[in-house]
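# Inside the fold
One letter stands for each residue in the lines below.
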Amino acid sequence: MITSPHGRSMLIPRSRWFLIRAQFVRYKPEYQPEAIAESLLKRYGIEVPPVPVYELAMSIDVDVFLGRGQREPGVAVVKRTTRTVGAGKVVGVPDFVATVSLSPYVRNEQRRFAAARALGHILMHEFLDNGTYYQVSDRSDDRDPRVLESIRFADALLMPEEMVRTYAPHLTFRERRLAELFEVPVGAMKRRMRTLYGV
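The structure presented is a predicted model; accordingly, all values stated were derived computationally and were not measured.

### Here we look at the packing of aromatic side chains
- Counting across every chain of the model gives one aromatic pair.
- Pairing tyrosine 167 with phenylalanine 182 gives two aromatic rings, centres 6.2 Å apart and planes at 90°, and the pair type is edge-to-face. Of this pair, tyrosine 167 sits in helix H6 (residues 161-167) while phenylalanine 182 sits in helix H7 (residues 174-182), and the two are 15 residues apart along the sequence.
- For tyrosine 167, a relative accessible area of 28% translates into the label partly exposed.
- Overall, the relative accessible area of 0% leaves phenylalanine 182 in the buried class.
- Arginine 165 extends its terminal NZ or CZ atom over the ring of tyrosine 197, reaching a point 4.9 Å from the ring centre.
- The positively charged end of arginine 174 is found above the aromatic ring belonging to tyrosine 197, 5.4 Å away from the centroid.

### Looking at unusual backbone geometry
- Proline 49 connects to proline 50 through a cis peptide bond whose omega is -5°.
- Its place among the elements puts proline 50 in the loop between helix H2 (33-43) and helix H3 (53-59).
- In this model, aspartate 61 sits at a positive phi of 70°, which is unusual for a non-glycine residue.
- For aspartate 61, the position within the fold is in the loop between H3 and strand S1 (62-66).

### Concerning helix H4 (residues 108-124)
- Between its terminal C-alpha atoms H4 stretches 24 Å, which fits the 24 Å expected from 17 residues at 1.5 Å a residue.
- The buried count for H4 comes to 15 of 17 residues, which makes it a mostly enclosed element.

### Remarks on the packing of helix H5 (residues 145-158) against helix H8 (residues 186-197)
- At a closest axis distance of 10 Å, the pairing of H5 and H8 adopts a crossing angle of 90°. When the interaxial angle is binned, H5 and H8 end up roughly perpendicular. Residues Ile151, Asp155 and Ala156 of H5 form the contact with H8, whose participating residues are Ala188, Arg191 and Arg192.
- Classifying every residue of the contact of H5 with H8 gives three nonpolar, no polar and three charged.

### As for the pattern of salt bridges
- For the coordinates displayed, the defined rule picks out eight salt bridges.
- Between glutamate 183 and arginine 112 there is a salt bridge, with its nearest N and O atoms 3.7 Å apart. Taken as a pair, glutamate 183 in the loop between H7 and H8 and arginine 112 in helix H4 lie far apart in primary sequence, 71 residues in all.
- What makes glutamate 183 partly exposed here is its relative accessible area of 31%.
- Residue arginine 112 is classed as buried on the basis of its relative accessible area of 4%.

### Concerning H2
- Of all the residues in H2, the buried ones are Pro33, Ile36, Ala37, Leu40 and Leu41. Seen from one end, H2 has its buried residues packed into an arc of 135°, which puts them on one side.
- Within two residues after H2, glycine 45 carries a phi angle of roughly 65°, on the positive side.

What counts, and where the lines are drawn
- Residues numbered from 1 in each chain as written.
- Predicted model: local features only at pLDDT ≥ 70, side-chain atom pairs only at ≥ 80, totals over all residues.
- Heavy atoms only, no water.
- Phe/Tyr/Trp six-rings, centres within 6.5 Å; stacked < 30°, edge-to-face > 60°.
- Helix = DSSP H or I, 4+ residues; strand = E, 2+ residues; numbered from the N terminus.
- Buried < 20%, exposed > 50% of the residue type's maximum accessible area, 1.4 Å probe, protein only.
- Lys NZ or Arg CZ within 6 Å of the ring centre and 35° of its normal.
- Expected span 1.5 Å × (residues − 1).
- Axes fitted to C-alpha atoms, helices over the stretch in contact; angles between N-to-C directions.
- Parallel < 35°, antiparallel > 145°, perpendicular 65-115°, else oblique.
- Contact = heavy atoms within 4.5 Å.
- Nonpolar A, V, L, I, M, F, W, Y, C, P; charged D, E, K, R; others polar.
- Salt bridge = Lys/Arg side-chain N within 4 Å of Asp/Glu carboxyl O.
- Arc of directions from axis to C-beta.

And the structure:
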């Protein structure tokens with residue numbers, strides 16, 4: 001991040017994801033992944049499953065696309081760039097852009113979960129001036145707190161507690177049926193049910 005001689009930041013990004021990130025991570029560091037996910041859902045009035053994760057990401061200026069030849073379920077990338085501002089002038093102002101690249105070779109529910117995890121990395125975790133790359137993989141190191149936080153964020157975003165509690169009592173074979181309804185991997189729904197119900 002660029003600073004002035006007085007130590008103040010000169011970088012004023014316009015991307016909505018950056019402003020949301022600043023709201024939670026910079027000014028309210030006590031906020032948890034679940035709170036950030038809940039805030040996004042409330043902000044955009046999402047009340048029924050499945051949560052439109054791709055549209056949600058793009059609504060906060062995070063580009064989502066399928067990566068050609070990409071094997072890992074998802075990749076989150078934050079890159080430094082410049083934008084042009086000024087009336088009648090060309091002025092390069094440092095900025096950051098965020099993208100989520102998804103594999104075309106995985107099932108839809110895996111792709112959706114990878115997108116949610118990648119979005120969690122973008123909103124919660126540090127990135128460098130020269131750009132940052134977070135790979136979302138089934139083989140990710142689950143001892144890394146950033147990985148665990150991205151999973152907690154994805155669970156809360158795609159399987160919000162209130163929605164799960166609304167639909168769970170009405171379904172038999174709950175985990176599999178709920179996973180289909182919410183369009184998430186069965187394993188992710190089982191984990192969410194353990195978190196919410198202790199089963």
